[in-house]
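# Commentary on secondary and tertiary structure
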Amino acid sequence: MSLDRLLNRWRVDESLTPNITAWQTTPARQAVTHPFPDDLPAALREALSSLGIASLYSHQFQAWVDARAGKNVVLATATASGKTLAYNLPVLAALLEEEHARALYLFPTKALTQDQYSVISDQLSVIQALNIDDRSLNVAIYDGDTPARDRPAIRKRARLLLTNPDMLHTGILPHHTNWADFLRSLRFIVIDELHTYRGVFGSHVANVIRRLKRVAAFYGATPQFILTSATIGNPQELAEKLIEAPVTLIDQDGSARGERHFILYNPPIVDESLGLRASALLESVRLAQDILSAGVQGVVFTRSRRSVEILLKYLQEIPTLHPSPNSPNVEKGREGGEEVKGYRSGYLPSQRREIEKGLRQGSVRLVVATNALELGIDIGGLGTAILVGYPGSISSAWQQAGRAGRGEAAAAAVLVASSSPLDQFLARHPEYFFGRSPEQGLINPDHLLILLGHLRCALFELPFEQGERFGGQTVDEWLEFLVSNREAHLSGRKFYWMADQYPAAAISLRSASPQSVVIQSADPQPQIIGEVDLASALWMTHPGAVYMHQGQQYLVQRLDLEQRIASVAAVALDYYTQPRRRIEISLLNELQRAPAPGSQKGYGEIQVVSQVVGFKKLRWFTHENLGEEPLDLPPSDMQTSGYWLGLLDTTISHLRQAGAWSNDPNDYGPDWPRIRNAARARDNYRCQVCGAPETDRQHEVHHKTPFRAFFHQSPTPLQSLTPTQSPTPSRSPTSPRSPASPRSPTSPDAGSPPQENLQSALARANRLDNLITLCPACHRKAEQNVRIRSGLAGLGAVLSQLAPLYLMCDPGDLGLHIDPAGAVFGLPSVILYDEVPAGIGFSQKLFELHDLLVQSALDLVRACPCADGCPSCVGPGGENGSGGKQETLAILKELVENGKI
């Protein structure tokens, strides 16, 4: 079946069409070409002709003109638009014309390096066309997978070197004396996939480029830069910040393009009252099965390594999970030898190369991948791409969609919205997605910790003169700090490195943790199956975790953090695991605070202490919670930057009057002390969860069905209940208090309904069979389970989900903390913080975007059709009970409109 027939089926399938919120079709376009330039060397002209290339796309021609004029160039055109040829032509021309010229190609991943090595060799075929001996150009890869025995020859003879920033950082620059001939003749530096160099990674790489330019200048070279990028909002600005030099932008794409379809698909609602939607994962499996049955090759992008393995298991084990009424049986539609494979970081290089080869040859019909496959790796002409959830930025969404289609062939991409507020916002506002310019890539090379780390590396590589600039600024102050720290010494007017350690080895360009944990299976014999960074190991490979690799489950038996080994055993379980983390925050330095409607906003430096304290076991397919187990792992702390929103006392007063503030202690009625003691006596003064007896402190009594629920059921709304004459009890160590429980029914409100309504609700709420005795530790856990009913928790959920829409970042780049007691900033607060040491600027940006963020949150919650909170607005209501929407909506109205409506 062709792609056209697949799309026609989706158009008429009554089980699918109601869930399609937008279907944008971009018509095919003709190529804009230009004859070969007059100054193109005859040898290259002949080589291109031998490959069937008779002209250049307009952007390739412009890149040639600008590069030959000595300009630094950034190409920002679509995926598969011929950017490789655009930078190869001027580079190869220079290598052919200048006997000793050298060129360095930087790719963000080793996989892309390997792929582009093949492209260069196959696409240009310069050696055969010119009858030049293979060794005269010497194209070579130099990365972590390069055998040690080959490295000396590469350093000596390579003229075109392909590597990645990590190897440049740790394996080339610190040993630049071994590369003297190469660096002395360095003519071009090509930086591919510029858009990936943003945030922390980009800030690190900008400093690596500073070091490269400094070392090259030491050997007398001033290399020229060519950069390529997918579509982002600021390619020229990002390129100029990365290389710290003027850059000419080329963004008029002259390549041919087939018809493109982009579909927004919102899974159907399966529970109207809770607003719960069908799983985006399972709906994606359904669409993927349609693609396989149609005989169309495709890719499924998902956001996490864990999701790759879950999807892979579903696709490999279930013939037809949700067959469409009009579709044939999936198994009947499949061809012999067809395979479904996973692709993510953690797979060994040989496994990834085999999967890439299978995609190009067609033996792999469908690949489930993280964004590791988002980059320009040659995986052939795929017909479809499914995006399981919004990938975090509009730029990434278009980049992933662009992996389907090549040249003039038609292609389709489907974005399957998850239940997250961000995805639902886009599903309900498709015009925002299709009409908004891609985000900007942000870097901060002068971030103190990043700069200081690379200054150490630069000093190790070459001494610094007093007054010498690094990145446009003098760094004497920091060099003097290194002297005082006995890492450097000053002799005359020069600073020299003197510490024993090798500074580059201590700096990871991609993670806060430079070390990794090896995942080792002992069955049937010791075998390394993958690796994870040290920071991720605490939540991915803790004891008892189910680690997945290529669809196979492994149970983690032991995590040795000293040896950095996770020992696992192959298993076949009916569940997967999900970690639980506890977070504490303290303020270190407030950088700015400002008034905002109904609140105060601020940002500054904070300390975050996090600890994995346990994990859940969730059943496959149904996601049923099979139980929780505690863990005793070491905490990790991080100094970073945070943005916070604190509610003013006047706002809280308004919310209390409206019955919408749920963080006050409850008044369980005048008879509560007697009822509470009766419950404790019935339970023999023991915690009914862990069995702990009372000691010097009385246990607490918890409502199984939340207290608030009984007032929702009463004939009279909570907002109009008559206040009783008994005072609200004060908090004490032995009195129950629920920071996330609803407001007290005895709070002063307008109206005078019959008193029996209140008494009836209190009696039903306080029945002994609805009460359970819990020790303080178990009570805290129980309160966390109903905390979603807090309007403040709902506010945090929606803000944290929407924030990445305005930052070019992944939701995982931001942490969330709710502080209803005002322990950190003195006001009940929502805190969003950068999930990287010292921060990268997200918090300051959120401070600046405060009004837009809050307004978007109000629009989202107000438009959500659920009754009282759901995963699509204020957080998951299903497992934790209903709650949160009305309170969150009331807070947002105060923050946007000062409660005027």
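Computed from a prediction, not measured in an experiment: that's the story for all the values here.

A separate point is helix 13 (residues 305–317). Residue pairs spaced three or four apart in an α-helix point in one direction, given the helix's 3.6 residues per turn. For helix 13, built from 13 residues, the straight-helix expectation of 18 Å at 1.5 Å per residue is met to within 8% by its first-to-last C-alpha distance of 19 Å. Of all 13 residues that make up helix 13, 10 are buried, and the element is covered over most of its length. Among the residues making up helix 13, those that are buried are Arg 305, Ser 307, Val 308, Glu 309, Ile 310, Leu 311, Leu 312, Lys 313, Tyr 314 and Leu 315.

Assignment of secondary structure puts Arg 155 in helix 7 (residues 151–157). Considered as a pair, Arg 155 and Asp 181 are 26 residues apart in the sequence and their alpha carbons are 8.6 Å apart. For Arg 155, the side chain forms a polar contact with the side chain of Tyr 142, separated by 3.0 Å.

Moving on: helix 8 (residues 165–172). When you tally the buried positions in helix 8, you get 6 out of 8 residues, the bulk of the element. In the core, the buried residues of helix 8 are packed alongside strand 5 (102–106), helix 7, strand 7 (160–163), helix 10 (199–218) and helix 19 (448–461). The N-cap of helix 8, judged by a side-chain oxygen 3.1 Å from the amide nitrogen of Asp 166 a few residues on, is Asn 164.

It is worth spelling out the packing of helix 27 (residues 791–806) against helix 29 (residues 850–863) at this point. Following both chains from N to C, one finds helix 27 and helix 29 inclined at 120 degrees, their axes separated by 10 Å at the closest point. Relative to helix 29, the element helix 27 lies oblique. Crossing handedness for the pair helix 27 and helix 29: right-handed. Counted together, Val 798, Leu 799, Leu 802, Ala 803 and Tyr 806 of helix 27 and Leu 852, Leu 853, Val 854, Ser 856, Ala 857, Leu 860 and Val 861 of helix 29 form the full contact between these two elements. By residue class, the composition of the contact of helix 27 with helix 29 is 11 nonpolar, 1 polar and no charged.

Looking at the protein chain as a whole, the pLDDT averages 80, with 82% of positions reaching at least 70. Predicted confidence is poor over residues 712–755, with pLDDT under 50, and the contacts of this stretch with residues over four places away or in other chains come to 108 contacts. pLDDT under 50 marks residues 877–882. Its contacts with residues more than four places away, or in other chains, come to 16 contacts.

Here we come to the pattern of salt bridges. Counting across every chain of the model gives 26 salt bridges. With a shortest N-O distance of 2.6 Å, Arg 211 and Glu 461 are connected by a salt bridge. Of the two residues, Arg 211 sits in helix 10 while Glu 461 sits in helix 19, which places them 250 residues apart along the sequence. Residue Arg 211 shares its accessibility class with Glu 461, and that shared class is buried. A network of salt bridges, in which partner residues are shared, links Asp 39, Arg 68 and Glu 97.

Side chains of nonpolar character tend, in soluble globular proteins, to be buried together. Grouped together as the largest cluster of nonpolar side chains are 107 residues, with contacts concentrated most on Trp 10, Leu 795 and Leu 799. Grouped together as the second largest cluster of nonpolar side chains are 43 residues, Leu 106, Met 167, Phe 182 and Leu 242 included.

Judged by pairing direction, the sheet is mixed, and its 7 strands sit side by side in the order 1-11-18-17-14-16-15 without closing on themselves. With one partner strand each, in any of the chains shown, strand 1 (20–26) and strand 15 (339–343) form the two edges of the open sheet. The mean inter-strand angle of the sheet, taken between neighbouring strand axes irrespective of direction, is 15 degrees. Relative to strand 16 (residues 364–369), strand 15 is paired through 5 bridges, and the arrangement is parallel. The partner of Val 340 across the bridge, within strand 16, is Leu 366.

The next point concerns the side chain of Gln 424. Note on placement: Gln 424 falls in helix 17 (residues 421–428). Within the structure, the side chain of Gln 424 is placed 3.0 Å from the side chain of Arg 277, a separation counted as a polar contact.

Okay, the packing of aromatic side chains next. Each aromatic ring pair is characterised by the separation of its centres together with the angle its planes make. Enumeration according to the criterion identifies 13 aromatic pairs in this entry. With 6.2 Å between their ring centres and 75 degrees between their planes, Tyr 105 and Phe 107 make a pair best called edge-to-face. Each member of the pair, Tyr 105 as well as Phe 107, carries the same accessibility label: buried. Their ring planes at 90 degrees and their centres at 4.8 Å tell us that Tyr 142 and Trp 179 sit as a pair that is edge-to-face. Linking Tyr 142 in the loop between strand 6 (139–141) and helix 7 with Trp 179 in the loop between helix 8 and helix 9 (180–184), this pair joins segments that are 37 residues apart in sequence.

Attention shifts here to the pairing of strand 31 (residues 700–703). Of the two faces of strand 31, both are covered, the one formed by Glu 700 and His 702 as well as the one formed by Val 701 and His 703. Bridge count for strand 31 against strand 32 (residues 771–774) is 4 bridges, and the pairing is antiparallel. Following the sheet pairing, His 702 is matched in strand 32 by Ile 772.

With that settled, the discussion passes to the packing of helix 1 (residues 3–12) against helix 12 (residues 280–293). Relative orientation of the contacting elements helix 1 and helix 12 amounts to 140 degrees, with a least axis distance of 10 Å. If you check the angle between helix 1 and helix 12, you find them oblique. Like other packed secondary-structure pairs, helix 1 and helix 12 cross with a definite hand, here right-handed. Counting all contacts with helix 1, which are made through Leu 6, Arg 9 and Trp 10, the residues of helix 12 involved are Leu 287, Asp 290, Ile 291 and Ser 293. Split by residue class, the contact of helix 1 with helix 12 holds 4 nonpolar, 1 polar and 2 charged.

The next subject is the side chain of Lys 601. Assignment of secondary structure puts Lys 601 in strand 28 (residues 599–619). Buried charge Lys 601 goes without a salt bridge, the closest partner of opposite sign being Asp 851 at 5.2 Å. The contacts of Lys 601, once residues within four sequence positions are left out, are Gln 592, Arg 593, Ala 594, Ala 596, Tyr 643, Trp 644, Phe 847 and His 850.

Cut-off values and rules
- Residues numbered from 1 in each chain as written.
- Predicted model: local features only at pLDDT ≥ 70, side-chain atom pairs only at ≥ 80, totals over all residues.
- Heavy atoms only, no water.
- Helix = DSSP H or I, 4+ residues; strand = E, 2+ residues; numbered from the N terminus.
- Expected span 1.5 Å × (residues − 1).
- Buried < 20%, exposed > 50% of the residue type's maximum accessible area, 1.4 Å probe, protein only.
- Polar contact = N/O pair within 3.5 Å; in protein donor to acceptor, adjacent residues only side chain to side chain.
- Contact = heavy atoms within 4.5 Å.
- Axes fitted to C-alpha atoms, helices over the stretch in contact; angles between N-to-C directions.
- Parallel < 35°, antiparallel > 145°, perpendicular 65-115°, else oblique.
- Left-handed = near helix turned anticlockwise from the far one by under 90°.
- Nonpolar A, V, L, I, M, F, W, Y, C, P; charged D, E, K, R; others polar.
- pLDDT = per-residue confidence, 0-100.
- Salt bridge = Lys/Arg side-chain N within 4 Å of Asp/Glu carboxyl O.
- Core = buried A, V, L, I, M, F, W, Y, C linked by side-chain atoms within 4.5 Å.
- Pairing = 2+ DSSP bridges.
- Phe/Tyr/Trp six-rings, centres within 6.5 Å; stacked < 30°, edge-to-face > 60°.
- Lys, Arg positive; Asp, Glu negative; His and termini not counted.

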